[in-house]
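# What the coordinates show
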Amino acid sequence: MEKSFTCTKDLPLRMQLSDEELLEISEIHLNGFIDGDDMLLLSKMSENGSLRILDMGG
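Quantities reported herein were computed from a predicted structural model and do not represent experimental measurements.

## What to know about the sheet that holds strand β2 (residues 27-32)
One open sheet holds the three strands; their spatial order is β1-β2-β3, and the pairing between them is parallel. The open sheet is flanked by β1 (2-7) and β3 (53-55), the only strands paired with a single partner. Looking at each pair of strands side by side, their axes are set apart by 15 degrees on average, direction ignored.

Next comes the structure, spelled out in structure tokens:
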């Protein structure tokens, strides 16, 4: 599954993902503000889930 997100301080990535998506997303495209907690979440998704492509070009 491929998803795109726009993140802000008030709406971080971790608030936009469901538990199901944490395990199913294989490609994420991110725009905006990413904090340390979101980076930790992305790291866990790559270790435990199916996340293989992370595009932070935005």
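## Some points on the environment of leucine 51
Note that leucine 51 resides in the loop between α3 (36-48) and β3. For leucine 51, a relative accessible area of 5% translates into the label buried. Taking C-alpha positions, leucine 51 is 13 Å from leucine 17, a pair spaced 34 residues apart along the chain. Dropping the residues within four chain positions of it, leucine 51 is found in contact with Ile25, Ser26, Glu27, Ile28, Leu42, Met45 and Ser46.

## A closer look at the packing of aromatic side chains
For the structure shown, the criterion picks out zero aromatic pairs. Directly above the ring of phenylalanine 33 sits lysine 9, whose terminal nitrogen or CZ lies 5.3 Å from the centroid.

## Digging into the pattern of salt bridges
In this structure the tally under the stated criterion is four salt bridges. Residue lysine 3 is joined to glutamate 21 by a salt bridge in which the shortest nitrogen-to-oxygen separation is 2.7 Å. In this pair, lysine 3 sits in strand β1 while glutamate 21 sits in helix α2 (residues 19-24), placing the two residues 18 residues apart along the sequence. Judged by relative accessible area, which is 26%, lysine 3 ranks as partly exposed. One salt bridge connects aspartate 35 with arginine 14, and the closest N-O pair in it is separated by 2.9 Å. Linking aspartate 35 in the loop between β2 and α3 with arginine 14 in helix α1 (residues 13-16), this pair joins segments that are 21 residues apart in sequence. Each of the salt bridges in this network shares a partner with another, and the network as a whole consists of Arg14, Asp35, Asp37 and Asp38.

Criteria and cut-off values
Each chain carries its own residue numbering, running from 1 in the direction its sequence is written. Reporting in this predicted model follows two pLDDT cut-offs: at least 70 for local features of residues, and 80 or more for side-chain atom pairs to be given and counted; totals over whole chains, interfaces and linings ignore these cut-offs and use all residues. Neither water nor hydrogens contribute to the side-chain values; these are computed over all heavy atoms in the structure. In this description, strands pair whenever DSSP reports at least two bridges between them. Put simply, DSSP H or I for four residues or longer makes a helix, DSSP E for two residues or longer makes a strand, and each gets a number counted from the N terminus. Lines fitted to C-alpha atoms define the axes, with helix axes restricted to the stretch in contact, and inter-axis angles between N-to-C directions lie between 0 and 180 degrees. For each residue, the accessible area found with a 1.4 Å probe, counting protein chains only, is set against the maximum for its type, and the residue is called buried under 20%, exposed over 50%, and partly exposed in between. What makes two residues a contact is simply this: any of their non-hydrogen atoms within 4.5 Å. Stacked, tilted and edge-to-face are the three classes assigned to paired rings of Phe, Tyr and Trp, where Trp is represented by its six-membered ring and a pair needs centres within 6.5 Å; plane angles under 30 degrees give stacked, over 60 edge-to-face, the rest tilted. Lysine and arginine charges are scored as sitting over a ring when NZ or CZ, respectively, is within 6 Å of the ring centre and within 35 degrees of the ring normal. The term salt bridge refers to a side-chain nitrogen of Lys or Arg lying within 4 Å of a carboxyl oxygen of Asp or Glu.

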